Amino acid sequence: MGGALTGWTIVVTRAEGPDGPLGASLAAQGARVLHVPTVSIGAPDDLEPLRRAIARLDSFEWMVLTSPRAVGAVSRVLGAGAHPSAAALHRLARVRVAVVGAATADHARAAGIEPEFVGSGDGGEALAHDLVKVGVGPGSEVLFPASNRAGSGLAAVLREAGARVEQVVAYETRIRAVDIEAYPAAQRADAVTFTSPSAVEGWVSAWTHDGVNFSVPPIPNVAIGATTAAALEKEGLGAMVATEPSLDGVVDAVARLAREGDEPT
């Protein structure tokens with residue numbers, strides 16, 4: 001298949017199968033996709049805190065969602081969807097919903113959750129600063145359903161502004177123990193894609209476990225956004241950052257890398 005990525009081998013580290021959306025989009029551009037998931041995503045061991053929080057959703061002024069996975073977890077507890085129940089609509093009508101960016105907003109709308117505020121997509125902490133600017137502060141009650149590995153930045157910014165933030169685990173992100181020797185083509189890949197700091201951690205852990213300096217020679221990295229790029233930088237790795245923090249943005253960034261970079265390996 002012809003395309004901007006013909007001849008390129010691209011590693012996908014996010015938790016998706018061989019037919020996952022990022023891999024499929026890269027393959028549509030002609031890439032050979034190598035799936036090396038370095039994280040797994042699942043329901044929390046204890047779902048009760050999320051259920052209890054959603055049951056009293058009308059006690060919160062805001063609910064903040066920073067990923068499509070958080071949207072999915074909340075939607076399942078609400079029983080919402082393309083045709084939300086009357087009970088779900090009643091609960092949703094009594095809370096203002098803020099989402100981190102356009103991609104999460106699309107997922108929310110598809111689940112019957114209409115966001116009132118859509119952030120720039122630059123991460124949870126940036127969203128928190130934006131919410132403070134629109135009045136979240138003393139007296140504001142905020143529900144933040146998130147990953148078990150979510151950073152503290154968003155909640156810290158809102159609490160500093162005087163808001164009360166209840167952060168509950170909506171889903172769990174777990175680092176996978178990857179046997180990198182099972183993926184010999186990974187060390188010769190033309191680019192590696194990352195959609196979360198956790199995926200970066202899993203990737204680095206897999207290579208360092210085998211004592212391989214995977215950054216020499218360097219393999220170009222592509223990050224979905226600033227937070228993921230910062231995680232790579234912390235490991236001494238650079239990255240091309242997607243202009244739009246979405247899976248489509250990652251694909252566009254890889255294609256840009258192909259246009260600007262060397263011939264594929």
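Parameters and conventions
Residues numbered from 1 in each chain as written. Predicted model: local features only at pLDDT ≥ 70, side-chain atom pairs only at ≥ 80, totals over all residues. Heavy atoms only, no water. Helix = DSSP H or I, 4+ residues; strand = E, 2+ residues; numbered from the N terminus. Rg over C-alpha atoms; globule rule 2.2 N^0.38 Å. Buried < 20%, exposed > 50% of the residue type's maximum accessible area, 1.4 Å probe, protein only. Contact = heavy atoms within 4.5 Å. Areas by Shrake-Rupley, 256 points an atom, 1.4 Å probe, with all protein chains shown as cover. Pairing = 2+ DSSP bridges. Arc of directions from axis to C-beta.

(A) A look at the overall build of the protein chain. Per the secondary structure count, the protein chain includes 10 helices and 11 strands. Over its C-alpha atoms the protein chain spans a radius of gyration of 19 Å, differing by no more than 12% from the 18 Å that the globule rule assigns to 265 residues. Along the three orthogonal principal directions, the C-alpha set of the protein chain runs to about 55 × 35 × 35 Å. Counting over 265 residues, the protein chain shows a buried share of 48%. By sequence separation, contacts in the protein chain at least 24 residues apart represent 67% of the contacts at least 6 residues apart. Here the protein chain displays about 12,300 Å² of accessible surface, and carbon together with sulfur accounts for 50% of that area.

(B) Main features of the sheet that holds strand β9 (residues 191–194). Reading across from one edge, β2-β1-β9-β10-β11 is the order of the five strands in this open sheet, with parallel pairing throughout. Unpaired on one side and paired on the other, β2 (32–35) and β11 (240–241) mark the two borders of the sheet.

(C) Summary view of helix α1 (residues 21–28). Listing the buried residues of α1 in full gives Leu 22, Gly 23 and Leu 26. Summarising the axial view, the buried residues of α1 lie within an arc of 95°, below the 170-degree limit, and thus occupy one face. Summarising the contacts, the buried residues of α1 are in contact with β1 (9–12), β2, β9 and α10 (247–260).

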